[in-house]
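A look at the structure
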Amino acid sequence: DDEIKREAYGFNTKTCPPQIPEPTQFEHEMYRLISNIKFRPHKNDFQARMSHDLQHIKGTKKIIIEADKTRNLYSISPEDYRKLMTENITKEYKKVNGTAKYNIDSGTKDIARSLQLDDRIESFTTNNCFITLKDHKENFETQPKCRLINPAKTDIGRISKTILERIVTHIRHQTRHNHWKSTGEVISWFTNVHASQKSRFMVFDIEAFYPSITPELFTRAIEYAKSMVDITDEDQHIITHSKRSLLFDRGTCWQKKSGSAFDVGMGSWDGAETCELVGLYLLHKISETIDSSYVGLYRDDGLAIINNATGPKLCRIKKDLHKVFRDEGLK
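The structure displayed is predicted, hence computed values, not measured ones. (Residues numbered from 1 in each chain as written. Predicted model: local features only at pLDDT ≥ 70, side-chain atom pairs only at ≥ 80, totals over all residues. Heavy atoms only, no water.)

**A closer look at the pattern of salt bridges**
For clarity, the threshold we go by: Basic side-chain nitrogens of Lys or Arg form a salt bridge, by our definition, when they fall within 4 Å of a carboxyl oxygen of Asp or Glu. Strands are runs of DSSP state E lasting at least two residues, helices are runs of H or I lasting at least four, and both sets are numbered from the N terminus onward. We call a residue buried when its accessible area falls under 20% of the maximum for its residue type, exposed when it is over 50%, and partly exposed in between, using a 1.4 Å probe and counting protein chains only.
Applying the stated rule across the entire model yields 15 salt bridges. One salt bridge connects K243 with D270, and the closest N-O pair in it is separated by 2.5 Å. Of the two residues, K243 is situated in the loop between α10 (233–242) and β8 (247–249) and D270 in the loop between β9 (252–256) and α11 (271–286); the sequence distance between them amounts to 27 residues. Exposure remark for K243: the relative accessible area of 1% places this residue in the buried category. Via salt bridges that share partners, K161, E165 and E273 belong to a single interconnected network.

Below, the structure is given as C-alpha cells:
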C-alpha cells in the first residue's frame, strides 16, 4: 500500500518480483540457441575503414574531445587539454575540502527519508568534469573556448526536475509567453506573427547562462512562479538543495568562488528546467519593454520583432534590454 501511495519520482524499487518457474525451460533453450550462433569473417570497405580508424584512435597519445554543438571530434595533446581544463575550472571555481560533499549528502539523506525514498536515492556522485570545444565561435583555432560539463550530481535533482517541469508547464500555459522548446516552435511563431516592411529583427543571447544563474536570481524566479503556481515549502527546499553542487577533477573537489555551493551545472538532472524557469521570469521582465507577442526565448537565445522600428526606438529598446539583464546579473 505504501508503494502505491508515495510518489517515486521515477526511482525504481529495490524489491524484486518473485521468480516464475514456468518459463525456465524456455530461457535455457534460448540461451543455448544464442550460444550456438556462429559468425563467418566478412569485411567490406566500410568495415576496413572503421577498423583502421579504431586502430588509429587506440594508438594516438592525444586526447580526443567532442565539439559543443556539432558532431566534430578534435585531437589535442594532454598538456594542452590540462591547460584548458585548468583555465575553465579556476575561472569559476575554487578548491574545497571533503566536508562540502558530506554536508550535501546529509541534506540529501534528510530529504530522502522524508519522501520515504532513502532505499532508492544514492549519495552525491564524484564523476570527473570534462570540456567540449566551442568550434562554432570566432577565432576558434587561435583562441579556443570551451564548455565545462559537470557530470557529478545528486539524485535529488531527479525529484527537482519533476517539480520544475510541473511549474514551467503551468507558467507556459498561463502566460502564453513565447518560450520555445524546439526550432519548429520558432518557425511556427515567425510564420504567424504580424510584421511589416518597417519591422526589424532584434537578436540577443545570454552569455554563459547556466553558470550565471545566482541564488538571488533563482529566488526571484521562484517568487515569480509562486504568483501563478502552488509551490510548497518542501518543494522549494528540494529544488534549492538540488542546486548544491560540487565539481570534481582527478580527486580534487571544487566549489563556486562565490563561497556558496549553489551551482546550475551543465549536465545536472534539472539544469534545463532551471534555465526554463529563469527564462520565463526574464520574458516577464522583457515584456515590460517589448510586447510579449513579439519576443521569445529559445534556451539562451532571444529573438524579437520591433514594429515601426526607427533608429531612436531601437536604441532605446536595446538600452532597456541591457538594463533588464544587468539588473539580474546577466550579460
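**Examining the sheet that holds β9**
Within a sheet, each strand pairs with its neighbour through backbone hydrogen bonds, oriented either parallel or antiparallel. Under the convention used in this document: Each pair of strands is called paired provided DSSP finds at least two bridges between the two strands. For helices, the fitted line uses only the C-alpha atoms of the stretch in contact; every axis is such a line through C-alpha atoms, and the angle between N-to-C directions lies from 0 to 180 degrees.
On the basis of which strands lie adjacent, the open sheet formed by three strands has the order β3-β9-β8 and antiparallel pairing. On the outer flanks of this sheet lie β3 (93–96) and β8, each paired with one strand and no other. If you compare each strand with its neighbour and ignore which way they point, the axes differ by 40° on average. Sheet topology places β3 next to β9; four bridges connect them, and they run antiparallel. In the strand pairing of β9, V96 is matched with C253.

**Thoughts on a positive patch on the surface**
As a reminder of what qualifies: Patches draw on residues past 30% relative accessible area with no salt bridge. Two like charges within 9 Å are joined, as are two nonpolar side chains (Val, Leu, Ile, Met, Phe, Trp, Tyr) within 5 Å. We get accessible surface area from the Shrake-Rupley algorithm with a probe of 1.4 Å; when it comes to residues, only the shown protein chains can shield them. For the purpose of counting charges, residues Lys and Arg are taken to be positive, whereas Asp and Glu are taken to be negative. His and the chain ends are not included. Charge coordinates come from a single atom per side chain, which is NZ of Lys, CZ of Arg, CG of Asp or CD of Glu.
On the surface, K69, K91, K137, K145 and R299 cluster together to form a positively charged patch. As for its position among the elements, R299 is in the loop between β10 (295–298) and β11 (301–306).

**Observations regarding helix α12 (residues 311–327)**
In plain terms, the rule: A helix is expected to span 1.5 Å multiplied by its residue count minus one.
With 17 residues, α12 ought to run about 24 Å at 1.5 Å a step, and its terminal C-alpha atoms sit 24 Å apart, in line with that. Positioned one or two residues after α12, G329 has a phi angle of 75°, which is positive.

**A word on the sheet that holds β11**
Condition: For this analysis, residues touch if any pair of their heavy atoms sits within 4.5 Å.
With mixed pairing, four strands are arranged side by side in an open sheet as β6-β10-β11-β7. The outermost strands of the open sheet, each flanked by one partner alone, are β6 (178–180) and β7 (200–205). On average, each strand axis in the sheet is inclined to that of its neighbour by 20°, with strand direction left out of account. Sheet topology note: the β10/β11 ladder contains four bridges and is antiparallel. Note on β11: the bridge partner recorded for G296 is L303. Against the sheet, α12 engages β7 and β11, with an angle of about 20° to β7.

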